[in-house]
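Coordinate inspection notes
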Amino acid sequence: MNSIKHVAIIMDGNGRWGIKYKKSRNLGHKEGLKTVEKIIKATLKNKIKYLTLYAFSTENWKRPKKEINFLFNLLENFLLNKISDLIKQNIKLKIIGKKNFSSKLNKLLNLSEKKTIQNSKLQINLALNYGSKSEIISALNEIKKNKLKISESNISKNLYTKTIPDPDILIRTGNTKRLSNFLLWQLAYSEIFFEKKLWPDFIEKDYIRILNNFKKIKRNFGNI
Ligand code: IPE
Ligand code: IPE
Ligand code: MG
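Since the model is a prediction, treat every value here as computed from it, not as a measurement.

This part covers the sheet that holds strand 1 (residues 6-10). Sheet architecture is open: six strands sit in the order 3-4-2-1-5-6, paired in parallel fashion. Looking along the sheet, the strands with just one partner apiece sit at the ends: strand 3 (91-96) and strand 6 (191-194). Direction aside, neighbouring strands of the sheet carry axes that sit 20° apart on average. In the sheet, strand 1 pairs with strand 5 (residues 169-172) via four bridges, with the strands oriented parallel. Across the sheet, residue Ile9 finds its bridge partner in strand 5, namely Ile171. Lying over the sheet, helix 2 (residues 25-45) contacts strand 1, strand 2 (50-57), strand 3 and strand 4 (122-130), oriented at roughly 145° with respect to strand 4. Strand contacts of helix 7 (residues 204-215): strand 1, strand 2, strand 5 and strand 6, with the helix running at about 145° to strand 5, the strand carrying the most contacts.

Quick look at the site of ligand 1 now. Near ligand 1 you find 13 residues, and of these Asp12, Gly15, Arg16, Arg25 and Arg63 are the closest. Separating an oxygen atom of ligand 1 from a side-chain N or O atom of Asp12 is a distance of 2.8 Å. Residue Gly13 places a main-chain N or O atom 3.4 Å away from an oxygen atom belonging to ligand 1. About the coverage of ligand 1: the protein hides 87% of its 380 Å² of free accessible area. Listed by contribution, the elements that provide at least two residues to the shell around ligand 1 are helix 1 (14-22), helix 2 and helix 3 (65-88). Split into classes, the residues belonging to the shell around ligand 1 amount to three nonpolar, five polar and five charged.

On to the environment of Ile40. Summarising the element assignment, Ile40 is placed in helix 2. Accessibility expressed as a relative area gives 8% for Ile40, which makes it buried. With 160 residues separating them along the chain, Ile40 and Pro200 place their C-alpha atoms 14 Å apart.

Every residue close to ligand 2 is listed here: Ile10, Met11, Asp12, Tyr54, Ala55, Phe56, Asn60, Arg63, Arg172, Arg178 and Ser180. Asn60 places a polar side-chain atom, nitrogen or oxygen, 2.9 Å from an oxygen atom of ligand 2. Separating an oxygen atom of ligand 2 from a side-chain N or O atom of Arg178 is a distance of 2.7 Å. In isolation ligand 2 exposes 390 Å². Once the protein is present, 78% of that is buried. Examining the composition of the shell around ligand 2, we find that three residues originate from one element, strand 2, more than from any other. When the residues that make up the shell around ligand 2 are grouped by side-chain class, the tally is five nonpolar, two polar and four charged.

Since the α-helix packs 3.6 residues into each turn, any two residues three or four apart lie on the same face. Taking 1.5 Å per residue as the helical rise, helix 5 (residues 132-145) with its 14 residues ought to reach 20 Å, and the 20 Å between its terminal C-alpha atoms agrees with that figure. Where helix 5 is concerned, the buried positions are Ser132, Glu135, Ile136, Ala139 and Ile143. Buried residues of helix 5, viewed axially, fall in a sector of 95°; they line one side. Along helix 5, exposed side chains directed more than 90 degrees from the buried face belong to Lys133, Ile137, Lys144 and Lys145. On its buried face, helix 5 is in contact with strand 4 and helix 6 (152-157). Just downstream of helix 5, Lys147 is the residue with a positive phi angle, here 50°.

What follows covers the packing of aromatic side chains. Taken as a whole, this structure holds twelve aromatic pairs when the rule is applied. Look at Tyr54 and Phe182: their rings are 4.2 Å apart centre to centre, the planes differ by 10°, and that puts the pair in the stacked class. Linking Tyr54 in strand 2 with Phe182 in the loop between strand 5 and strand 6, this pair joins segments that are 128 residues apart in sequence. The residues Tyr54 and Phe182 share a single accessibility class, namely buried. Taking 5.2 Å as the distance between ring centres and 50° as the angle between the ring planes, the aromatic pair formed by Tyr189 and Phe221 counts as tilted. Note that Tyr189 is positioned in the loop between strand 5 and strand 6 and Phe221 in the segment after helix 7, a separation of 32 residues in sequence.

Definitions and limits used
- Residues numbered from 1 in each chain as written.
- Chains lettered and ligands numbered in written order.
- Predicted model: local features only at pLDDT ≥ 70, side-chain atom pairs only at ≥ 80, totals over all residues.
- Heavy atoms only, no water.
- Pairing = 2+ DSSP bridges.
- Helix = DSSP H or I, 4+ residues; strand = E, 2+ residues; numbered from the N terminus.
- Axes fitted to C-alpha atoms, helices over the stretch in contact; angles between N-to-C directions.
- Contact = heavy atoms within 4.5 Å.
- Near = heavy atom within 4 Å.
- Polar contact = N/O pair within 3.5 Å; in protein donor to acceptor, adjacent residues only side chain to side chain.
- Areas by Shrake-Rupley, 256 points an atom, 1.4 Å probe, with all protein chains shown as cover.
- Nonpolar A, V, L, I, M, F, W, Y, C, P; charged D, E, K, R; others polar.
- Buried < 20%, exposed > 50% of the residue type's maximum accessible area, 1.4 Å probe, protein only.
- Expected span 1.5 Å × (residues − 1).
- Arc of directions from axis to C-beta.
- Phe/Tyr/Trp six-rings, centres within 6.5 Å; stacked < 30°, edge-to-face > 60°.

From the geometry alone we can't say anything about function, so treat these as descriptive.
Next comes the structure, spelled out in structure tokens:
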């Protein structure tokens, strides 16, 4: 049986869910946050150490300003209301992606990371303004600056995920089969599960089914 240390999730389908049930993409994002909370709980219950959630990509800036503002307001309120819960549950929050938001949000993100830095039960990597290509370019620039050799280990050591194992599992909800610039390097040997359900409809039972299916997979890593 494979053990599970790290699950990464592309939480897709909020907009379509919102249009379908509430005639509003933004209300879909609001609903999607409830799924985030459910999945965090289930991740803790299953003693998984790392959970990486794709919340906003470098390409998502192309969206209408109104939707972007709504998303960041949602995030701000979540952090303000839930950070004490995260501390209580021994969860460490790490932002992956370029933190170049308003100074107010940057401060809140830094404070949330600082307040949870000692926690050790579960690390949540929240991918915000995250793009895998730009992450890899930054790593290569860092290697160049320090006159190091371009090697697999030096690249890994200069990514946001430098201290943690690569994802065992990638889940993408929303019935779309692509990676959308997410963890391109780190997913080299991850098991990928594309889910038909939209993110707000994804429930603990769906998550557990994936975890159980993963446990039975024969992972070869090139071997036989
Ligand atoms: C994913 O849901 C969440 C973010 C990108 C913030 P979408 O907003 O992409 O939902 P769909 O794919 O349009 O339904
Ligand atoms: C990926 O979803 C990004 C997040 C879930 C944050 P998108 O909805 O942005 O992906 P594309 O544009 O359909 O590939
Ligand atoms: Mg989408």
